[in-house]
Amino acid sequence: DGGITQSPKYLFRKEGQNVTLSCEQNLNHDAMYWYRQDPGQGLRLIYYSQIVNDFQKGDIAEGYSVSREKKESFPLTVTSAQKNPTAFYLCASSGSLDTGELFFGEGSRLTVL
Amino acid sequence: AQSVTQLDSHVSVSEGTPVLLRCNYSSSYSPSLFWYVQHPNKGLQLLLKYTSAATLVKGINGFEAEFKKSETSFHLTKPSAHMSDAAEYFCVVSDYGNKLVFGAGTILRVKS
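Please read these numbers as outputs of a predicted model, since none were measured by experiment.

Engineer: So what's going on with the overall build of chain B? Residues and values would help.
Structural biologist: Along its length, chain B carries zero helices and twelve strands. Counted from the first residue to the last, chain B has its helices and strands arranged as β-β-β-β-β-β-β-β-β-β-β-β. In summary, chain B has a C-alpha radius of gyration of 13 Å against a globular reference of 13 Å for 112 residues, a match within 12%. Referenced to the eigenvectors of the C-alpha coordinate spread, the extents of chain B come out at roughly 40 × 30 × 20 Å. Looking at chain B as a whole, 46% of its 112 residues are labelled buried. Counting only carbon and sulfur atoms, one obtains 50% of the accessible surface of chain B, whose full area is about 5500 Å². When the 10 basic and 8 acidic side-chain charges of chain B are each reduced to a single mean position, those positions are 3 Å apart.

Here it is in structure tokens:
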């Protein structure tokens, strides 16, 4: 089945540690996105990528980094510079930037201890 | 800049009764509008989208939404709620430049 796979589903981190969230898609989509979800705030865009080896900052990129070395993969690193990293992180992809139709993974819940 | 306001953070209905989730938007251009649904601890799934064709849009699972430009609204409705409809619903606007802006979400509770 085609889709987006995020891992791990749950992750615990100590303060000061970097963590990397995986996102893989087999939909052959060009565009990929990372969103952060906090209760009552909707989704906020962290980073997005339109093509391999290119990505742009979203609205809340500080404390995060990404790479796009393969079309299928768009990992997100939450660095120690992110002051409030506890959240639900969602990866999405779309076949085109101009449709607004996103396909989402099931999310990764990060908790900082 | 575009924005989305979901007028209710929580809506509670009885099974078999109508559902109305309200969304107002602000956009400088002719927007595209979407409703997404999220079940607990899951990703979001597209319910329906409006892209300047018919103003009444039908989606999956019996949901529909009507684009009203004069009221800048895009309310989501369903004639008869089912227990499986209990979830969080997001109204989303996309305009020129294709940036998506998500509303804060409305949690729908369905009582048996």
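There's plenty left to go through after this.
Engineer: Just give me the short version of the state of the cysteines, but keep the residues and values in it.
Structural biologist: Considering all chains together, one arrives at two disulfides over all chains under this definition. Here A:Cys23 connects covalently by a disulfide to A:Cys91, the sulfurs 1.9 Å from one another. Residues A:Cys23 and A:Cys91 are joined through a disulfide that is left-handed, its torsion about the S-S bond being -75 degrees. One end of the pair, A:Cys23, is in strand β3 (residues 19–25); the other, A:Cys91, is in strand β9 (residues 87–94), and 68 residues separate them in sequence. By the burial criterion, A:Cys23 is buried, and A:Cys91 matches it. Covalent S-S linkage joins B:Cys23 and B:Cys91, the inter-sulfur distance amounting to 2.0 Å. Around the S-S axis, the bridge from B:Cys23 to B:Cys91 shows a dihedral of about -70 degrees and counts as left-handed.

Engineer: Got a sec to walk through the packing of aromatic side chains? Specific residues and values, please.
Structural biologist: Residues and elements named next belong to chain A. All chains considered together, the criterion is met by 13 aromatic pairs over all chains. Arranged with centres 6.3 Å apart and planes meeting at 25 degrees, the rings of Tyr33 and Tyr35 form a pair that is stacked. Each of the two residues, Tyr33 as well as Tyr35, counts as buried. One Lys or Arg, Arg68, reaches over the ring of Phe74 and ends 6.0 Å from the middle of that ring.

Engineer: Provide a residue-level description of the interface of chain B and chain A, including the pertinent values.
Structural biologist: Opposite the 17 residues of chain B that make contact, chain A presents 21 residues. With both sides pooled, the region where chain B packs onto chain A buries about 1500 Å², and carbon together with sulfur makes up 51% of that total. Here B:Lys42 makes a salt bridge to A:Glu106, at a shortest N to O gap of 3.4 Å. At the level of elements, β5 (32–38), β6 (44–50), β10 (87–94) and β11 (100–102) of chain B are the ones that each hand at least two residues to the side of chain B that touches chain A. The residue inventory of the side of chain B that touches chain A, partitioned by class, reads eight nonpolar, five polar and four charged.

Engineer: Which residues make up the pairing of strand β1 (residues 3–6) of chain B, and what values go with them?
Structural biologist: Residue and element names in this part refer to chain B. Residues Val4 and Gln6 point to one face of β1 and are all buried, whereas Ser3 and Thr5, pointing to the other face, are not buried. For β1 and strand β4 (residues 23–26), the ladder comprises four bridges, and the chain directions are antiparallel. What sits directly across from Gln6, in β4, is Cys23.

Engineer: Talk me through the pattern of salt bridges; I want residue IDs and the actual numbers.
Structural biologist: Scanning the entire structure with this criterion turns up nine salt bridges over all chains. Measuring nitrogen to oxygen at the nearest pair gives 3.0 Å for the salt bridge that ties B:Arg22 to B:Asp8. Separated by 14 residues along the polypeptide, B:Arg22 in the loop between β3 (19–21) and β4 and B:Asp8 in the loop between β1 and β2 (10–14) bring together distant segments of the chain. Judged by its relative accessible area of 32%, B:Arg22 falls in the partly exposed class. What emerges from the salt-bridge pattern is a single network uniting A:Lys9, A:Glu106 and B:Lys42.

About the cut-offs
Chains are numbered independently. Their residues run from 1 in the order of the written sequence. All chains are assigned letters beginning with A, and all ligands numbers beginning with 1, in the order in which they are written. The model is predicted, so local features are restricted to residues of pLDDT at least 70 and side-chain atom pairs to those at 80 or more, both for listing and for counting; the totals for chains, interfaces and linings are taken over all residues. Excluding hydrogens and water, the side-chain figures rest on all heavy atoms present in the structure. Where helices and strands are cited, they refer to DSSP runs of H or I of at least four residues and of E of at least two residues respectively, numbered from the N terminus. It is over C-alpha atoms that the radius of gyration is taken, and the globule rule equals 2.2 Å times the number of residues to the power 0.38. Residue burial is assigned from relative accessible area. The probe radius is 1.4 Å, only protein chains are included, and a residue is buried under 20% of its type maximum, exposed over 50%, and partly exposed in between. Here the accessible surface of atoms and residues is derived via Shrake-Rupley with a 1.4 Å probe, and residues count as covered only by protein chains that are part of the display. The sign given to each residue is positive for Lys and Arg and negative for Asp and Glu; His and the chain ends receive no count. Lysine's charge is taken at NZ, arginine's at CZ, aspartate's at CG and glutamate's at CD. Here, a disulfide means two cysteine sulfur atoms that sit within 2.5 Å of each other. Pairing of aromatic rings covers Phe, Tyr and Trp, the last through its six-membered ring, and needs centres within 6.5 Å; plane angles under 30 degrees mean stacked, over 60 mean edge-to-face, and all others mean tilted. A ring has a charge above it when a Lys NZ or an Arg CZ is no more than 6 Å from the ring centre and no more than 35 degrees off the ring normal. Whether two residues are in contact is decided by their heavy atoms, any of which lying within 4.5 Å being enough. Buried area: the accessible surface (1.4 Å probe) lost by two parts on joining, summed over both. For salt bridges, the criterion is a side-chain nitrogen of Lys or Arg within 4 Å of an Asp or Glu carboxyl oxygen. Note on residue categories: nonpolar means Ala, Val, Leu, Ile, Met, Phe, Trp, Tyr, Cys or Pro, charged means Asp, Glu, Lys or Arg, and polar means any other residue, Gly included. Strands were regarded as paired on the criterion that DSSP finds at least two bridges between them.

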